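# Coordinate inspection notes
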Amino acid sequence: QVQLEESGGGLVQPGESLRLSCAVSGRTSSSWTMGWFRQAPGKQRESVARITSGHITNYADSVKGRFTISRDNTKSTVDLQMDSLKPEDTAVYSCNVFDSGWSRDYWGQGTQVTVSS
């Protein structure tokens, strides 16, 4: 019913920037919380950033001050601006929306971000 598709990943050098975008299609609600997760090899998936319907945001400590999450409800997109990238940011980044009404999550397929000199 709900489909998410990420784009914008790639290979960059430390200190460079990337902007990830997630397009959401299907029957969605503007009241849903949206966010980005990432999973590096050998590690569990972790929450990177979240944004509520009221545009309240929170970030993992490791990315605070470097990453910025935003959403555009008219376009049904959620973006993640990543600045000052570090090798530790290398991971597969996945878009997520949470339907609080039915307590269910929707996920994108993920996009690879690699930070290496």
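Residues numbered from 1 in each chain as written. Predicted model: local features only at pLDDT ≥ 70, side-chain atom pairs only at ≥ 80, totals over all residues. Heavy atoms only, no water.

### Structural notes on unusual backbone geometry
Its identity is not glycine, yet H55 carries a phi of approximately 65 degrees, on the positive side. By the secondary structure assignment, H55 is in the loop between β5 (46–51) and β6 (57–59). (Helix = DSSP H or I, 4+ residues; strand = E, 2+ residues; numbered from the N terminus.)

### Remarks on the environment of V12
Structurally, the position occupied by V12 is in strand β2 (residues 10–12). Look at V12 and you get buried, because its relative accessible area is 12%. Here the alpha-carbon distance between V12 and T57, two residues 45 residues apart in the chain, equals 26 Å. If sequence neighbours within four positions are ignored, V12 has contacts with S17, L18, L85, T114, V115 and S116. (Buried < 20%, exposed > 50% of the residue type's maximum accessible area, 1.4 Å probe, protein only. Contact = heavy atoms within 4.5 Å.)

### As for the sheet that holds strand β1 (residues 2–7)
The sheet built from four strands is open, its strands ordered β1-β3-β8-β7 with antiparallel pairing. The open sheet terminates on both sides in strands that have one partner only, identified here as β1 and β7 (67–72). Strand-to-strand twist of the sheet, defined as the mean angle between neighbouring strand axes without regard to direction, takes the value 15 degrees. By the bridge criterion, six bridges tie β7 to strand β8 (residues 77–82) in an arrangement that is antiparallel. Of the residues in β8, the one forming a bridge with T68 is Q81. (Pairing = 2+ DSSP bridges. Axes fitted to C-alpha atoms, helices over the stretch in contact; angles between N-to-C directions.)

By themselves, these figures tell us nothing about what the structure is for.
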